[in-house]
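# Topology and contacts: notes
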Amino acid sequence: MKDRTIQATETAVLDEAAIGRHYRIEDCTTDGRTRQKLECLGVVTGGQIEVISNTSAGLIVNVRNSRLALSHELARQLQVEES
Amino acid sequence: MTIALIGNPNSGKTTLFNELTGANQHVGNWPGVTVEQKSGHIRPRYGEGEIIDLPGIYSLSPFSLEEVVSRDYLIKEKPDVVINIVDATNLERNLYLTIQLIELNAPIVVALNMMDEVTKTGYRINVESLSRDLGVPVVPISAAKVQGIKELVAALPEAHISIRHMLPNSHLEHLIALVEVLLRNHLEQKIKISDYEVSRYPLHWTAIKVLENDELVLHDLNLDDITKQAIEALMADFEAKHGLICSAFANARYELIHQMIYKRLTRWSEDGSHYHYVKHAPEGYHLHTECEESELLSPPYPAERMSGSGDDDDVGIDWHGSKGTLHNDWPPESLFIAKDQDSCGCPQQDPCDLVGLEDSSLQKRRNSRQCRAGKEPSSSRGFSQLDKSDRLDKIFTHRIWAIPIFLLMIFAIFHITFSSSFLGIPGVPSPGVWLQKLVSSGIDGLSGLLASLFSEGSWAKSLVIDGVIGGIGAVLSFVPQIMLLFLFLTLLEDCGYMSRAAFIMDRFLRRFGLSGKSFLPMLMGFGCTVPAVMATRTMENENERRLTLMLVPFMACGARTPIFLVLAGAFFPAYADILVFALYLLGILVAILSGILLRKLIFKGASLPFMIELPRYRLPRLRSVLMSLWDKLKGFLVRAGTIIFVMCVVIWVLSSFGIADGRFQMVDIDQSLLAALGNLIAPLFTPLGFGTWFAAVALLTGFVTKESVVSTLGTLSGIGVGDSGAVGGAGGTGGLTASALQGLGFVSPVAALSFMVFCLLYVPCVATVATLKKEFGSWKWTLAQVGYSVSVAYVLGLLVYQIGSLFVA
């Protein structure tokens, strides 16, 4: 039971990820074009991502040492797992 | 020698281009598209050659027009050299484009920019071995500090096509090889092999693009069904086993880059005796390191520098040798342990060892190593250290303060540019207004000087003074304000704030079918529509850019304000300020509603979810700011000298000539062709309450400049606002009273209101139309905008007059 709870908190959508922690991108459920644009900016499945801030405007993330701003809509389509 | 310059946005490409070419630049458009093409000759001090500045892009996949343009240029024009400018502080992401350029068989020289900033963090990049790995010359430079440029130019002849890099994913490489075979067969069977020139498009690149489902390449290839099915079967098989192909490519490329960087980045050990390797420079981490900048920036990088920690050859990393193996097999674990222990003895002593973003396999490896060393793997440590830029973002993208700060900044900009009571002191003009007055009086002076050269009453005098100087002068007098507005916006853009502004406004604008990126152009529209239209250039989504171009003219520009002030002052003296404010709001409302409507009807298609790179904040560079301003000014002056000039002459001819006494001759304005034209269209405006030729003519001249509406009304009412009225904007309109205006056909206050609404919304001025044409890249869209705005103006004017009359009557 306890294990399952931990399991459940480990994977999350990026929008709910904790600030300052490092995550591994597990899945990207956006349409192909958006996914490809993300990939060009360094957001690839298996890659690392860190949330720098999360406000009503959206998220600022650290990906490959560059900063990206993403909308909440987009951040909800990225599955991450804490690493 | 033709040289193409390519690189990510914010990699310092423009700075390098400006440095290489100086003032020898030509700005034009790429054939057939609105993407701007800049080219120029290399300055003699550096050598010679023609440089083409390709758009700033992240990849060569054809998502945006800019990427397609760049790729087409590289493939079809085959430049002799491609300078790939790479931001050394952001190597991993920037090299993604480099890898794609290598895939495309482009002859590359990598300009490793911002090396001075890398130095500041205490890190070094082993340029020589990076060059060896990439298989192309790499020259460290600092475009901003003008370092290494000569060396870069000297290295250009050494540019060559790199050997193709095996992607560290054997399944993928296998798939590429199979597709290559299929494609070769397909192409050999084809009789018309010229349809797809193998020599121009490298086969392996074609194979990769086919696998990436690149529509443009697939179209060019025109595959037969058998080949297509075979490839599709292969792809389906791969995706079933290993996931999406596109993602696999992206992953493999990043993995490749990762492998290169991991051993390229070194830093001094604590005692300064040797280097050791680190993964990625954690920003804001300062080491007690003295690196001479000149040393770093003098290629070739001294190899003995590396001897402290062993040259990478000693270490024996040869990822070329590991081609075809799964990325999980790389690098050998022993390498990491050995290196860490060799170079800094113990990881615990080194607070920044191996910090940075890592792929999962490395991360896991590292964690396991750390565990073995008796240390808990920590995920909240290391690269999350915020740098200066992040700290600024805490302020500028603050959840509460972001928008107030933004609005304050914009207010300050507008205040400095447009306010006639600077800092709230009445009578003290702001720098913008002061400059405008200066230019106006200059033009007035010129006008007076020229007037003395012509004999009194001659048509030539009238043409030059009233037509040309009056018309162009009115436009030119706004140039200082436009330039000032642009100066501020360029500064904001250059320091990196603009992408933050787009970010914080995005959510709000999405509701109206726009996005964060369209906010600034809309806002600038309150100042002057011309720079606002030009500012849409930064928008990448063409659909959204067109929509923004359609809407920007509805923002009440500064030149429309005098119309409101005069009419509101005459008919509604008690409520003038409220009314003017309400008109501004009406403009916004119309833009918002039009946005929703046009998005539904014409600019369909889901907008891309918002994502934008937030470049590091940096101080704006005076040189590039001034050059960009000069570009804009030049463009504006060219338009003033061409299309606006022609329009002014046309309007002057129409207003000065007419048929009198049975022959075509110079006449007073009320007998002119313009009056005739006014009479012709005046009935159209009867339902709007101002169906007289006076009003119609005022509107027609308002097409030249919006200020002309007031000066025309003044002239026609015989009070003699005069020619300078057009130049001075609102100046000299005090004589226009309600009764005088009633004499011109404004039968009631409601009619005046209707006229104001019409003026707010109808056709933008000539300068705007000319700029719209440039930005739309076609007359079709430009005319669509003009047609749409006139229709909206007409309908709303009609509604105001008809409904208003009910109440007044």
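Relevant structure appears above.
Nothing here was measured: the structure is a model prediction, and the numbers come from that model.

### Topic: the overall build of chain A
- Assigned secondary structure in chain A consists of 3 helices and 6 strands.
- Reading chain A from its N end, one meets helices and strands in the order α-β-β-α-β-β-β-α-β.
- Expressed as a percentage of its 83 residues, the buried residues of chain A come to 61%.
- Counting only contacts in chain A whose residues sit at least 6 apart along the sequence, the fraction spanning at least 24 positions is 59%.

### A word on the sheet that holds strand β5 (residues 66-70) of chain A
- Taken together, the 7 strands give an open sheet; going across it, the order is β1(A)-β6(A)-β2(A)-β3(A)-β4(A)-β5(A)-β12(B), and neighbouring strands pair in antiparallel fashion. Since the sheet does not close on itself, it has two edges, and those belong to β1 (11-13) of chain A together with β12 (611-614) of chain B, each with one partner. Looking at each pair of strands side by side, their axes are set apart by 40 degrees on average, direction ignored.
- Taken together, the 5 bridges between strand β4 (residues 58-63) of chain A and β5 of chain A define a ladder with antiparallel strand orientation. The partner of L59 of chain A across the bridge, within β5 of chain A, is L70 of chain A.
- Taken strand by strand, helix α2 (residues 32-40) of chain A contacts β2 (22-28), β5 and β6 (78-82) of chain A together with β12 of chain B, and its axis lies near 10 degrees from that of β12 of chain B.

### Notes on the pairing of strand β6 (residues 107-113) of chain B
Residues and elements named next belong to chain B.
- Within β6, 7 of the 7 residues are buried, which leaves the element mostly enclosed by the surrounding structure.
- The alternating pattern of β6 places P107, V109, A111 and N113 on one face and I108, V110 and L112 on the opposite face, and all of these are buried.
- Across 6 bridges, strand β5 (residues 81-87) lies against β6 in parallel orientation. Residue N84 lies in a different strand from β6, and its bridge partner there is V110.
- With helix α3 (residues 91-103) bridging β5 and its parallel neighbour β6, the resulting β-α-β unit is right-handed.
- In this structure, β6 lies alongside strand β8 (residues 138-140), joined through 3 bridges in parallel fashion.

### A word on unusual backbone geometry
- A positive phi angle is found at K78 of chain B, which is not glycine, with a value near 45 degrees.
- Tracing the backbone shows K78 of chain B in the loop between α2 (65-77) and β5.

### Thoughts on the pattern of salt bridges
- Within this structure, the stated rule accounts for 21 salt bridges over all chains.
- With a shortest N-O distance of 2.8 Å, R24 of chain A and E26 of chain A are connected by a salt bridge.
- The network of salt bridges with common partners includes E103, K209, E212 and R253 of chain B.

### Things to note about helix α10 (residues 225-242) of chain B
Residues and elements named next belong to chain B.
- Between its first and last C-alpha, α10 extends 25 Å over 18 residues, near the 26 Å set by a 1.5 Å rise per residue.
- The set of residues buried in α10 consists of T227, I231, M235 and F238. Seen along its axis, α10 keeps its buried residues to an arc of 60 degrees; they face one direction. Summarising the geometry of α10, the exposed residues directed more than 90 degrees from the buried face are D225, I226, Q229, A240 and K241.

### Some remarks on the packing of helix α33 (residues 749-761) of chain B against helix α35 (residues 779-808) of chain B
Residue and element names in this part refer to chain B.
- Packing of α33 against α35 leaves a shortest axis separation of 8 Å and a crossing angle of 165 degrees. One element, α33, and the other, α35, form an angle in the roughly antiparallel class. For the element pair α33 and α35, the recorded crossing hand is right-handed. Residues V750, A751, L753, S754, V757, F758 and L761 of α33 form the contact with α35, whose participating residues are S789, V790, V792, A793, Y794, L796, G797, V800, Y801, G804, S805 and V808.
- Considered class by class, the residues forming the contact of α33 with α35 number 14 nonpolar, 5 polar and no charged.

### Topic: the interface of chain B and chain A
- Counting residues at the interface gives 47 residues for chain B, matched by 40 residues for chain A.
- Contact between chain B and chain A buries roughly 4,100 Å² in total, counting both sides, with carbon and sulfur atoms accounting for 57%.
- Put simply, chain B and chain A have 2 salt bridges between them.
- In this structure, the salt-bridge partner of D390 of chain B is R67 of chain A, at a minimum N-O distance of 2.7 Å.
- Of all the secondary structure elements, the ones that give two or more residues to the side of chain B that touches chain A are α3, α11 (245-262), α15 (360-372), α16 (388-396), α21 (497-510) and β12 of chain B.
- Looking at the side of chain B that touches chain A, the element that brings in the most residues is α11 of chain B, giving 5 residues.
- Across the side of chain B that touches chain A, the residue classes tally to 19 nonpolar, 12 polar and 16 charged.
- Both β5 of chain A and β12 of chain B contribute to a ladder of 4 bridges, which runs antiparallel.

### Remarks on the nonpolar core
- Ranked by internal contacts, the top residues of the largest apolar core, which has 91 residues, are F690 and F755 of chain B.
- Other than its neighbours up to four places away in sequence, F755 of chain B contacts I563, L567, F690, A695, A698, L699, V709, L713 and F746 of chain B.

About the thresholds
Residues numbered from 1 in each chain as written. Chains lettered and ligands numbered in written order. Predicted model: local features only at pLDDT ≥ 70, side-chain atom pairs only at ≥ 80, totals over all residues. Heavy atoms only, no water. Helix = DSSP H or I, 4+ residues; strand = E, 2+ residues; numbered from the N terminus. Buried < 20%, exposed > 50% of the residue type's maximum accessible area, 1.4 Å probe, protein only. Contact = heavy atoms within 4.5 Å. Pairing = 2+ DSSP bridges. Axes fitted to C-alpha atoms, helices over the stretch in contact; angles between N-to-C directions. Right-handed = clockwise from strand over helix to strand, strands pointing away. Salt bridge = Lys/Arg side-chain N within 4 Å of Asp/Glu carboxyl O. Expected span 1.5 Å × (residues − 1). Arc of directions from axis to C-beta. Parallel < 35°, antiparallel > 145°, perpendicular 65-115°, else oblique. Left-handed = near helix turned anticlockwise from the far one by under 90°. Nonpolar A, V, L, I, M, F, W, Y, C, P; charged D, E, K, R; others polar. Buried area = accessible area lost by both parts, 1.4 Å probe. Core = buried A, V, L, I, M, F, W, Y, C linked by side-chain atoms within 4.5 Å.

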